[in-house]
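The chain contents come next:
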Amino acid sequence: MIDEFAKAYLHSDLRELREVMLWKLDGLSDADIRRPLTASGTNLLGLVKHLTLTESRYFGEVFGRQFPEPLPRWDDLAARGKDMFAAEDESREDIVGRYRRAWAHSDATIGALAVDSPGHVPWWPRPDVMLFNVLVHVLSETARHAGHADIVREQIDGATGVGP
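What comes next is a walk through the structure. (Residues numbered from 1 in each chain as written. Predicted model: local features only at pLDDT ≥ 70, side-chain atom pairs only at ≥ 80, totals over all residues. Heavy atoms only, no water.)

Looking at the nonpolar core
In plain terms, the rule: In this text, buried Ala, Val, Leu, Ile, Met, Phe, Trp, Tyr and Cys residues form a nonpolar core when linked through side-chain atoms within 4.5 Å. Each residue is assigned to one of three classes by its accessible area relative to the maximum for its type, calculated with a 1.4 Å probe on protein chains only: buried under 20%, partly exposed between the two thresholds, exposed over 50%. Strands are runs of DSSP state E lasting at least 2 residues, helices are runs of H or I lasting at least 4, and numbering of each runs from the N terminus. Any two residues whose heavy atoms approach within 4.5 Å at even a single point are treated as in contact.
Counting 36 residues, the largest nonpolar core has Met 21, Leu 25, Leu 44, Phe 59 and Val 134 as the members making the most contacts within it. Broken down by secondary-structure element, the contributors of at least two residues to this core are helix H1 (2–23), helix H3 (44–58), helix H4 (92–112) and helix H5 (131–157). Per-element tally for this core: the top contributor is H5, with nine residues. Those residues within four positions of Leu 44 in sequence are excluded, and the remaining contacts are Lys 24, Leu 25, Leu 28, Ile 33, Ala 149, Val 152, Arg 153 and Ile 156.

Next up, the structure:
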């Protein structure tokens, strides 16, 4: 019983944070959502793009449930970090739509598997994991980037928080 509670609780928090990430784009121009406001170039649309890859990979490859759209290989060093930036030919609609499709794919994986279902993360030092480990990791990663988005959005127009 605790397993299903934990799975539902973590999944619910992940769903909320996903919506927060998209709210951070609301009401902003294309230039604002692409504007790098840190020395590393962090921008709102890039954070959404990065989280798309995160969800697609962790709730896809790790459990043998491939995301149906192309992903760079996890060990492709040339592609590393490119998911943090939106290219000129990638529209807000394209990136947000792909993020929502990644959610649907992730939600299907989470719904289909037990919290102790095994997965394999080849890029982790201890690669044999359970759905629980991946839920915690993706939730933490999304929360971390939601914090980045808070700071970037506040620098753009002073908006803070998790919604209007």
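Focus: the pattern of salt bridges
Should their charged atoms come close, side chains of opposite charge can pair. So the rule is basically this: The rule for a salt bridge is simple: a side-chain nitrogen of Lys or Arg has to be within 4 Å of a carboxyl oxygen of Asp or Glu.
In total, this model carries 11 salt bridges according to the counting rule given. A salt bridge links Lys 24 to Asp 150; its shortest N-O distance comes to 2.6 Å. Residue Lys 24 is found in the loop between H1 and helix H2 (30–34), and its partner Asp 150 is found in helix H5; the two are separated by 126 residues along the sequence. According to the relative accessible area criterion, Lys 24 is buried, its value standing at 0%. What emerges from the salt-bridge pattern is a single network uniting Arg 18, Glu 55 and Asp 107.

Here we look at the packing of H1 against H4
Worth spelling out the cut-off: Only the stretch in contact is used when a helix axis is fitted, and all axes are lines through C-alpha atoms; the angle between N-to-C directions ranges over 0 to 180 degrees. Note on terminology: angles under 35 degrees are roughly parallel, angles over 145 are roughly antiparallel, angles of 65 to 115 are roughly perpendicular, and the others are oblique. As a working rule, the residues Ala, Val, Leu, Ile, Met, Phe, Trp, Tyr, Cys and Pro are called nonpolar, Asp, Glu, Lys and Arg charged, and the rest polar, with Gly in that last group.
Interhelical geometry of H1 versus H4 gives an angle of 180° and a closest axis separation of 12 Å. Taken as axis vectors, H1 and H4 run roughly antiparallel relative to one another. Facing Lys 7, His 11, Leu 14, Arg 15, Arg 18, Glu 19, Met 21 and Leu 22 of H1, the residues of H4 in contact are Val 96, Tyr 99, Arg 100, Trp 103, Ser 106, Asp 107, Ile 110 and Gly 111. Partitioned by chemical class, the residues of the contact of H1 with H4 number seven nonpolar, three polar and six charged.

So, to be careful, I would describe these as geometric facts and stop short of saying anything about function.
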